[in-house]
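Observations on chain architecture
Spelled out, the chains give:
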Amino acid sequence: MELVVFVLAAAMILVGAVGVIVRSNPVHAALSLILTLFGVAVMFVAQNAHFLAAVQVIVYAGAIVVLFLFVIMLLGVDRTEDISSEPFKVQRPLAAIVGVGVIGLVVAAVVSSRDAIGTRGEGLNVADVVGDGDTNIKQLARSVFGDYVVAFEVTSVLLVVAVVGTVLLTRRIKSAGKDS
Amino acid sequence: MSLVAAATPTTTWYLILAAVLFGIGAVGVLVRRNPLVMFMCIELMLNAVNLSFVALAKKLGDIGGQTTVFFVMVVAAAEVVVGLGIIVSIMRRRPGATADDISAMKG
């Protein structure tokens, strides 16, 4: 059963990821990205990260991809672009070499050190269907609001800075508006 | 059927999948010239790292990995907002710009 879930979710992730880089229409690329993000959410559930799976669907597939689609529509780039030609002839072979190299090196490192990782912490509390169903959320909350509370507060500052910065970036200045 | 039941995915499988996903994202950033699609490929790479964090959190029995993924998601959201704001303001100035056109980094 676990194997079936893994194979299906891995297929979703890989098909979506390849779709993002080969689809010539940005809208299709964004929709392929949703497929990948859902596959990753399935993987999170399979790894007992239930809260993160929910956040993945809501924040990534819900908010970020919608923002991407919004910008694509706003800028009017929702048409097929020509990706068959490449001005730098060596770029694609080089990119393929870099990609295969990165994958090969990381896979070699993971496989060679697969016995080096042992259990260290106190263990993840698996959600219990009969009794307490939200142990993962409780454990994560204790970590976020306990050990990492300073980082959590800094995160709120980061979000405010990002929002204010974006408003400033995309605001049309009135004098510049007259020229265009 | 017993063979299927015996082969349960281990942490190594998840880490290899994450490596492949990261590699695809890296190739996408290098190959595509539309800044929006390059941005999507960066999201792919972030998700690959999140996947390996979650897999190792389960393997090590440490919730800290999931906490890290939580923060990565928040930072990714902020990054997307700022990045798309920059792309919108660039594209307004010159429609249809690719990453090659805006390599000089000046107005």
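Helix and strand content of chain A: seven helices and zero strands. A total of 180 residues make up chain A; the buried ones form 31% of that total. Across chain A, every contact between residues at least 6 apart in sequence was considered, and the portion connecting residues at least 24 apart equals 51%. Roughly 10800 Å² of accessible area belongs to chain A as shown, and the carbon and sulfur atoms make up 71% of that amount.

This part is about the overall build of chain B. Along its length, chain B carries four helices and zero strands. Going residue by residue from the N terminus, the α and β elements of chain B occur as α-α-α-α. Pairs at least 24 residues apart make up 57% of the contacts formed inside chain B by residues separated by at least 6 positions.

Counting residues at the interface gives 80 residues for chain A, matched by 68 residues for chain B. Summing both partners gives a buried area of about 6900 Å² for chain A against chain B, and 77% of it is carried by carbon and sulfur. At the junction of chain A with chain B, the criterion picks out zero salt bridges. The tally of links from chain A across to chain B stands at ten residue pairs in polar contact (both at pLDDT 80 or more). Where the side of chain A that touches chain B is concerned, the elements lending two or more residues are α1 (2-22), α2 (26-46), α3 (50-75), α4 (91-112), α5 (135-147) and α6 (149-170) of chain A.

Moving on to the side chain of R32 of chain B. The residue R32 of chain B is located in the loop between α2 (11-31) and α3 (35-60) in this model. A distance of 2.8 Å separates the side chain of R32 of chain B from the backbone oxygen of R23 of chain A, its partner in a polar contact.

Moving on: the nonpolar core. Ranked by size, the top nonpolar core spans 58 residues in total, and within it M43, F44, L52 and I72 of chain A together with L36 and M40 of chain B carry the most contacts. If near-sequence neighbours (up to four positions away) are discounted, L36 of chain B is found in contact with F68, V71, I72, L75 and V77 of chain A together with L84 and I87 of chain B.

Once that is clear, we can look at the packing of α2 of chain A against α2 of chain B. In the contact formed by α2 of chain A and α2 of chain B, the axes pass within 13 Å of each other and the chain directions differ by 160°. Taken together, the axis directions place α2 of chain A and α2 of chain B in an arrangement best described as roughly antiparallel. The hand of the α2 of chain A/α2 of chain B crossing is left-handed. For the pair formed by α2 of chain A and α2 of chain B, the contact residues are T36, V40, M43 and A46 of chain A on the first element and Y14, L17 and L21 of chain B on the second. Here the residues of the contact of α2 of chain A with α2 of chain B sort into six nonpolar, one polar and no charged.

Our focus in this paragraph is α3 of chain B. Residue and element names in this part refer to chain B. Under the 1.5 Å per step criterion, the end-to-end length of α3 is 38 Å for 26 residues, consistent within 8% with the ideal 38 Å. Of the residues flanking the start of α3, the one acting as N-cap is N34, its side-chain oxygen 3.1 Å from the backbone nitrogen of L36. Backbone geometry just after α3 places G61 at a positive phi near 65°.

Tallying each qualifying case throughout the model produces six aromatic pairs over all chains. Judged by centre distance (5.7 Å) and plane angle (70°), the ring pair of F70 of chain B and F71 of chain B falls under edge-to-face. Given the relative accessible area of 15%, F70 of chain B is considered buried. Residue classification places F71 of chain B among the buried positions, given a relative accessible area of 15%. Among the aromatic side chains, those forming a connected cluster through ring pairs are F6 of chain A together with W13 and Y14 of chain B.

The next subject is unusual backbone geometry. One non-glycine residue with positive phi stands out, namely N48 of chain A, at about 65°. Its place among the elements puts N48 of chain A in the loop between α2 and α3.

This brings us to the environment of D82 of chain A. Counting through the fold element by element, D82 of chain A comes out in the loop between α3 and α4. For D82 of chain A, a relative accessible area of 54% puts it in the exposed group.

For the rest of this paragraph, the subject is the packing of α2 of chain A against α3 of chain B. Running from N to C, α2 of chain A and α3 of chain B cross one another at 5°; their axes reach a closest spacing of 10 Å. Classed by the angle they form, the pair α2 of chain A and α3 of chain B counts as roughly parallel. Residue-level inspection shows P26, A29, A30, L33, T36, L37, V40, M43, F44 and A46 of chain A of α2 of chain A in contact with α3 of chain B, the latter providing V37, M40, E43, L44, N47, N50, L51, V54 and K58 of chain B. Of the residues that constitute the contact of α2 of chain A with α3 of chain B, the class distribution is 14 nonpolar, three polar and two charged.

Here is what the cut-offs are and how they apply
Residues numbered from 1 in each chain as written. Chains lettered and ligands numbered in written order. Predicted model: local features only at pLDDT ≥ 70, side-chain atom pairs only at ≥ 80, totals over all residues. Heavy atoms only, no water. Helix = DSSP H or I, 4+ residues; strand = E, 2+ residues; numbered from the N terminus. Buried < 20%, exposed > 50% of the residue type's maximum accessible area, 1.4 Å probe, protein only. Contact = heavy atoms within 4.5 Å. Areas by Shrake-Rupley, 256 points an atom, 1.4 Å probe, with all protein chains shown as cover. Buried area = accessible area lost by both parts, 1.4 Å probe. Salt bridge = Lys/Arg side-chain N within 4 Å of Asp/Glu carboxyl O. Polar contact = N/O pair within 3.5 Å; in protein donor to acceptor, adjacent residues only side chain to side chain. Core = buried A, V, L, I, M, F, W, Y, C linked by side-chain atoms within 4.5 Å. Axes fitted to C-alpha atoms, helices over the stretch in contact; angles between N-to-C directions. Parallel < 35°, antiparallel > 145°, perpendicular 65-115°, else oblique. Left-handed = near helix turned anticlockwise from the far one by under 90°. Nonpolar A, V, L, I, M, F, W, Y, C, P; charged D, E, K, R; others polar. Expected span 1.5 Å × (residues − 1). Phe/Tyr/Trp six-rings, centres within 6.5 Å; stacked < 30°, edge-to-face > 60°.

Coordinates in, geometry out; function isn't part of it.
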